[in-house]
Structures are given as C-alpha cells and as structure tokens.
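# Structural overview for review
Here are the chains, one letter per residue:
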Amino acid sequence: MDTQKQFQSKIKTIEWVDNYSRMVDQTVIPYEYKFVNITNGEDMYDAIKTMIVRGAPAIGIAGAHGVVLFAQALAKEIPSVSDFKSELIKKAQYMKTSRPTAVNLMWACEKQIEIIKKSESDIRGIVNELKENAIRLENEDIEINKKIGDYGSQVVPKGATILTHCNAGALATVGYGTALGVVRSAYAKDNTIQVFADETRPRQQGARITTFELTMDGIPVTLITDGMCSYFMKKGMIDMVVVGADRIASNGDTANKIGTYTVAISAKYHNVPFYIAAPLSTIDTSIKSGDEIPIEERSHEEVTHINGKRICAEGVKVINPGFDVTPHELITGIITEKGILKPDYNKSIAEAFGI
Ligand code: MRU
C-alpha cells in the first residue's frame, strides 16, 4: 500500500475537550464555519437529531461523547456503582435512538456499554475509562479513513472525474473522510483528478458541505444537481462513483443518503464503476440484507422549504425518507480499512470480520 503521499486536511469535525464535546456546526455551513460546545447528554441527543453533527462515523463519535456527558452528570447524582451503571446503560441505549439508520451510532454506544458492564473501577474510574475510549475511537477514525483513502486511491484512474453524493468527507467523520478520503489520497498522488458533487436534496449536503470542504482543501469540485448524473455519465464525463454508507448488510446491500440508489443504477447502465467507502464499523453483520435496514423518515419541511422559504403549493402531500438502499449487485467494491471488498460480499465481508 502506498502510504507515502497523504493529503493534509485541517478539518477536525468533533473532538473531546477537557469535559465537553466540541463540534463543527454543520447546519450553518457554508455561510459560517463555527464550533459549538456540547456539555450535556440531552444536548448531544439533540445535536445528533437536528444534524448539527451528521455523517455516520461522526455521529458514532458524538454518541460515544454523549455517553461520557451522561456519565459525568450521573456521577454527581448517584453514589452506588451498580445504580450508576444501570442508569448509565439506559442513557446509552437512549442515545442510540437519536437517529435510526447509521449503525456507527449504535456501534459506538455499544462500545461504551461494554466498558460500563466490564469495568471494575469506582464511578470516577468508569467515567475516565469512557472518556479514554471516546478519545481512542476519535483518533482511530482518522487513521481508518487514511487507510480507506490509500486503498481507494489505487482504483482511481489517472486524471479521473469522481462523482460523489451527499457528504462522506472530513465533515462526516472526525477528519479526512471516507469517500472524500479516497479523493484526498488520490489527489495527493495526482492533482489532475477532480470531483463532481451531487447537490443532494433535500438537505443539500453535497452543495453545502462537500463543495465547502473540498474548496477549503483546494481540491477541484463541480456542483451538479441530482438529476444530472446520467447526463454526464452518458457523455463519458464521469470515470467512477465513490460514496459513503450509513449501514451495510452482510450481503453488501448499502444504505446511504437518499438518491444514492439512482446514481448506482445510472452507473451500472453506463458501465461506470460504483464504489462504497466505509469503515468496518458501518457493516452490520447482524442483518442479512438491506431489507432489514431501518430508514429514517424526516421532517416534511426539508422538502417543502429551502432556507426557510416554501418552494411548493401550500399543504401539498410529502414523503421524505432520508436514505435508500443500493442493492449489492450494483456495487463494484466496498473500500474499507482492511482493503477493497469485492463480490461475493457475503464471503468477503465474513472474511474481513474473521467469521
Ligand atoms: O443525513 P446525513 O447527512 O447524516 O447522511 C450522511 C450520509 O448519507 C453519508 O453519505 C454517510 O453517513 C457516510 S459519511 C462518511
């Protein structure tokens, strides 16, 4: 693996500082780039739900931080270790419910629950162990993304135009990004590559966040609207697609931001390679197929309004699923920190997990 050339990105989306969590407020990008400090568990629940922090790996870390915040508060109220542990486990379970689709959230909260259950320390010791674990997960996230970037860059053709959907970048992780981690590593080796970013309605993560972070890092990016991808593929202007994931089933079916499935169908039709870039923590080996992935239904106002302004007839019916599932047969490969998994995914995923 070529680890020689790595792109240096300055973005750190979420970080534990002393006794609170500090994160980039993604609801105000691209107008503002500001940080918010989250100092209690309830506020963390709301930060995840309202998407101040978003993107599967980032909300995983936010969940882990949230458990530490709840632990700090309960430590002041509950003297008995066993009562403290059982109350805290309830809070950790509750934190998992802040968003339903991205499995990294459940994965990270479960990591904290394991510590709570296994720890033989006093209450102060447990809080410290949870804090240390959250910081470890934070640091590991960046290292994992760099590995994903290195593996992924090996399949990026020279001078490629890479289409991406939503934001699977530094701002969806602790730093560096998954799909945009592939872009960063590829760009470090070949600065003639470029990105086409889908706008990604309804919340416009592509327009607002992907163009913002790539521009900030000086990587060439062209914004297109969601309906344009087939047009550019037909013209031969897209060499590959790389997107992130919120949950991958054992057979490779992948949930990602709504609209990803449409891109994958178009890529298959036009013979454009379609890759998922995600850490192993996004793979849910407890489910057999994408049919079992819960899809978040979001506020209708995300569809009826843009920047607080109504864009449709008043009272019109709306449906707003936040994610769709791309069937495994449309996926060329799943780029992970352990290498690029190829079909048959039931086999390659089981091998990656050693099961
Ligand atoms: O609703 P969001 O913005 O949290 O959805 C984000 C995505 O769908 C990303 O593509 C996915 O979480 C991967 S992030 C590395």
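Residues numbered from 1 in each chain as written. Predicted model: local features only at pLDDT ≥ 70, side-chain atom pairs only at ≥ 80, totals over all residues. Heavy atoms only, no water.

For the rest of this paragraph, the subject is the confidence of the model for the protein. Across the protein, pLDDT averages 97, with 98% of residues at or above 70. Within the protein, the lowest mean pLDDT, 96, falls on strand β12 (residues 305–306), and the highest, 99, falls on strand β10 (residues 274–277). (pLDDT = per-residue confidence, 0-100. Helix = DSSP H or I, 4+ residues; strand = E, 2+ residues; numbered from the N terminus.)

Here we take up the site of the ligand. Around the ligand, a shell composed of 19 residues is seen, among which R54, R99, D246, N256 and K257 lie nearest. Contacts to the ligand include G55, whose backbone N or O atom sits 3.0 Å from an oxygen atom. At 2.8 Å, a backbone N or O of A56 approaches an oxygen atom of the ligand. Protein contact buries 99% of the 410 Å² of open area that the ligand shows by itself. Only α2 (56–77) and β9 (254–257) provide two or more residues apiece to the shell around the ligand. The residue inventory of the shell around the ligand, partitioned by class, reads eight nonpolar, seven polar and four charged. (Near = heavy atom within 4 Å. Polar contact = N/O pair within 3.5 Å; in protein donor to acceptor, adjacent residues only side chain to side chain. Areas by Shrake-Rupley, 256 points an atom, 1.4 Å probe, with all protein chains shown as cover. Nonpolar A, V, L, I, M, F, W, Y, C, P; charged D, E, K, R; others polar.)

Turning our attention to the sheet that holds strand β6 (residues 221–224). An order of β6-β5-β4-β7-β10-β15-β16 is seen for the seven strands of this open sheet, with the pairing classed as mixed. Across the chains shown, the open sheet's two edge strands, defined by having one partner strand only, are β6 and β16 (339–341). Looking at each pair of strands side by side, their axes are set apart by 30 degrees on average, direction ignored. Relative to strand β7 (residues 240–243), strand β4 (residues 161–164) runs parallel, the two being bridged by two bridges. The partner of I162 across the bridge, within β7, is M240. Of the strands in this sheet, β4, β5 (194–198) and β6 are in contact with helix α7 (residues 205–216), which crosses β5 at around 160 degrees. (Pairing = 2+ DSSP bridges. Axes fitted to C-alpha atoms, helices over the stretch in contact; angles between N-to-C directions. Contact = heavy atoms within 4.5 Å.)

Okay, the pairing of strand β15 (residues 333–336) next. Both faces of β15 are covered, namely the face carrying G333 and I335 and the face carrying I334 and T336. Bridging between β10 and β15 involves three bridges; their strand directions are parallel. Residue I276 lies in a different strand from β15, and its bridge partner there is I334. Bridge count between β15 and β16: three bridges; the pairing is antiparallel. What sits directly across from I335, in β16, is I340. Two successive antiparallel strands, β15 and β16, enclose a turn made up of two residues. (Buried < 20%, exposed > 50% of the residue type's maximum accessible area, 1.4 Å probe, protein only.)

Turning our attention to the environment of S153. Structurally, S153 is set in helix α5 (residues 123–153). We classify S153 as buried; its relative accessible area is 6%. With 56 residues separating them along the chain, S153 and T97 place their C-alpha atoms 35 Å apart. For S153, the contacting residues outside a window of four places in its chain are V182, S185, A186 and K189. One polar contact links the side chain of S153 to the main-chain carbonyl oxygen of D150, over a distance of 2.8 Å.

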